[in-house]
Each structure stands twice: as C-alpha cells, then as structure tokens.
Amino acid sequence: MGTEENISSFYNNENVIEISHLKKSFDTNLVLKDISMTVKKGENVVVLGKSGIGKSVLIKCIVRLIQPDEGSIKVFGEEVTTMKPNELNELRTKIGFIFQGNALYDSMTVRENLEFPLRRNKVIKDPKLIDELIHEALENVGLLDTMDKMPAELSGGMKKRIGLARTLILRPEIILYDEPTTGLDPLTSREISNLIVEIQTKYKASSIVITHDLNCAKITSNRMLILQDGVFIAKGTFNELKNSENDWVKSYFKIE
Ligand SMILES: Nc1ncnc2c1ncn2[C@@H]1O[C@H](COP(=O)(O)OP(=O)(O)OP(=O)(O)O)[C@@H](O)[C@H]1O
Ligand SMILES: [Mg+2]
C-alpha cells in the first residue's frame, strides 16, 4: 500500500496502533504466538499478564527495540516491521516509552534528565522554551521543587513521575507504559494511575499500559487484553473481565 492509501485508511478507522498476527520467539522459546490488537485514538488499552509472559516483548516490538519474526504492526497506518532507520527515528519521536524501572540518568539532575530528550531530538533549541517545557512537565507530575535534585535523592514514586515527565516533554501521541506502578505502595500506585488518566485527557494521548496491578488496570483502562501462552485469551472492559466465567480470567482477578 502507498503512503497516501495508508494515511487515508488510518483516518478512516482512527486506529493509531494495529497489530495483526504478530509472532516472536527467542530460539525455542515461543513468546508471542499470534497477537492481534488495536488501539484507537485517545484510548488506553491495558495488557494484563503474568511475569515472563511476553508483555515487555510485545511493546518493544512496536518501537522495534525487538524485531518481530512475523506479522504486521501499523502505527498511524504505517508498517513498522519494515521501516528504514530514518523512518523509525521519526516514528520514535511520536511514541513515548516508559520503561520498566525508571531509567533516569543517575549522574544528571532532574532538569538535565528532562532536557535530554529535547537535546537528543534537536526539536527545540530555544533556551526559554526549553525552560518553559521543563517547568510544565514537572508541574504536570507535581514535582516542580525537584528540578535541581539528583535521582538518588528521590523516592521510587518520585522517580517514576520524573520518568513520566521526561516522556511527556516531547508531547508523544502514543505512550507505552511498561509496569508503571511496580514496586510502589498502593497509594502511590493509585496516584500514578490517576496521572496516566490525566495525561490521556489533557494530551489526548493513546496508550498501552502493561501491568499486573489490577487497581492500575481498573483506573487506567478503557479496554483490557489478557496475555497468556503467547495469545490474548480474553478481551473486554475491566468489569466484563472481572465477571468472566472463564477459569483463566477468573484466576487473574482472585489475587485482588
Ligand atoms: N532480548 C531477549 N532475548 C532472549 N529472550 C528474551 C529477550 N527478551 C525477552 N526474552 C524472553 O521472553 C519472555 C518474555 O519476556 P518479557 O520481558 O516480555 O516478560 P514480561 O511479561 O514483560 O514479564 P515481567 O512482568 O516480569 O516484566 C521471557 O521468557 C524472556 O526470557
Ligand atoms: Mg516486563
């Protein structure tokens, strides 16, 4: 399909992400067997699944940090699996990736951490505008007073927030959250989950939220998918899945 056809089909269905029959193995380890899913514009889709099941592999395939074996991944209507390096770089400026763990640079202050994506992408050079963006990003996550602190001086929850602020500074249209609440106490987890919803509303961002935290799933999801043995075994809203009669699905909700 040509680019124009891609763009027109994208605007017709408004799927910002469209994955079909994705497969990925590592040697004999079949991680993703047959994955199909969509994310519509402005939607938060939660992928729930046990540890080691392939959740991180799935979202890494979307930005080609991992090369899939088979299948199609379209983002804004463009095929990602065959993108050239320059197209991929362009795409990655539109996708924010919140890594599992916070991945802040320990030797940089909070301000320098936030400046980093702006410098790397050379999108904004005006120092005054950079200051404004850093200010706004920190205000969004309620941590304006940490601007000159080092990551080592922050709590786990604060680091997660700064990680979010750093991703938001480039105003990504898509955000991929990998376990945004892991390792946090229930109250802080709830705050981060609420923040994810605020970001969705304020920036009209579309997101995939990877989690095994049911409360986070409940707060952030418009739709949910459960990953098990390389395929999605269930799809639906949080309440639909919570009331499911399927034993596998039930087992996810028992741990609440
Ligand atoms: N780069 C890689 N090379 C080889 N195997 C990998 C690689 N990345 C992931 N795997 C394997 O793929 C499987 C799924 O890993 P993945 O990190 O996606 O799990 P996960 O669902 O994100 O788990 P968790 O909830 O613990 O983060 C695991 O068996 C893992 O060992
Ligand atoms: Mg993971």
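In what follows, the structure referred to is the one given above.
All figures in this text were calculated on a predicted structure; none of them were measured in a lab. (Residues numbered from 1 in each chain as written. Chains lettered and ligands numbered in written order. Predicted model: local features only at pLDDT ≥ 70, side-chain atom pairs only at ≥ 80, totals over all residues. Heavy atoms only, no water.)

Novice: So what's going on with the site of ligand 1? Residues and values would help.
Specialist: Around ligand 1, 14 residues are found, and the nearest of them are Ser51, Gly52, Lys55, Ser56 and Gln100. Between lysine 55 and ligand 1, the recorded distance is 2.7 Å, taken from a side-chain N or O atom to an oxygen atom. Contact between ligand 1 and valine 57: an oxygen atom at 2.9 Å from a main-chain N or O atom of the residue. Protein chains bury 62% of the 630 Å² of accessible surface belonging to ligand 1 in isolation. At the level of elements, strand S2 (29-40) and helix H2 (55-62) are the ones that each hand at least two residues to the shell around ligand 1. Per-element accounting of the shell around ligand 1 gives the leading share, three residues, to H2. (Near = heavy atom within 4 Å. Polar contact = N/O pair within 3.5 Å; in protein donor to acceptor, adjacent residues only side chain to side chain. Areas by Shrake-Rupley, 256 points an atom, 1.4 Å probe, with all protein chains shown as cover. Helix = DSSP H or I, 4+ residues; strand = E, 2+ residues; numbered from the N terminus.)

Novice: Kindly report on unusual backbone geometry, identifying the contributing residues and their values.
Specialist: The phi angle at aspartate 27 is positive, at roughly 55 degrees, despite the residue not being glycine. Relative to the elements of secondary structure, aspartate 27 occurs in the loop between strand S1 (15-26) and S2. Even without a glycine there, the phi angle at lysine 204 is positive, about 50 degrees. Relative accessible area serves as the criterion here: at 57%, lysine 204 is assigned to the exposed category. (Buried < 20%, exposed > 50% of the residue type's maximum accessible area, 1.4 Å probe, protein only.)

Novice: Give me the layout of surface pockets: which residues, what numbers.
Specialist: In this model, the largest pocket occupies a volume close to 590 Å³. Forming the walls of the largest pocket are 25 residues, and the residues nearest its centre are Ile95, Phe97, Phe99, Arg120 and Thr167. Secondary structure elements with two or more residues in the lining of the largest pocket: strand S6 (95-98), helix H4 (110-121) and helix H6 (156-168). At five residues, the largest contribution of residues to the lining of the largest pocket is made by H6. Within the lining of the largest pocket, the residues separate by chemical class into 13 nonpolar, seven polar and five charged. Looking at which domains feed residues into the lining of the largest pocket, each of domain 1 (3-94 + 172-254) and domain 2 (106-171) gives three or more. (1 Å grid on protein atoms, 1.4 Å probe; cavity = no way out; pocket = protein on both sides within 12 Å on 5 of 7 lines; lining within 4 Å. Points joined across faces, edges and corners; volume = space filled by probe spheres on them. Nonpolar A, V, L, I, M, F, W, Y, C, P; charged D, E, K, R; others polar. Domains from an automatic or database assignment.)

These figures capture arrangement, not role.
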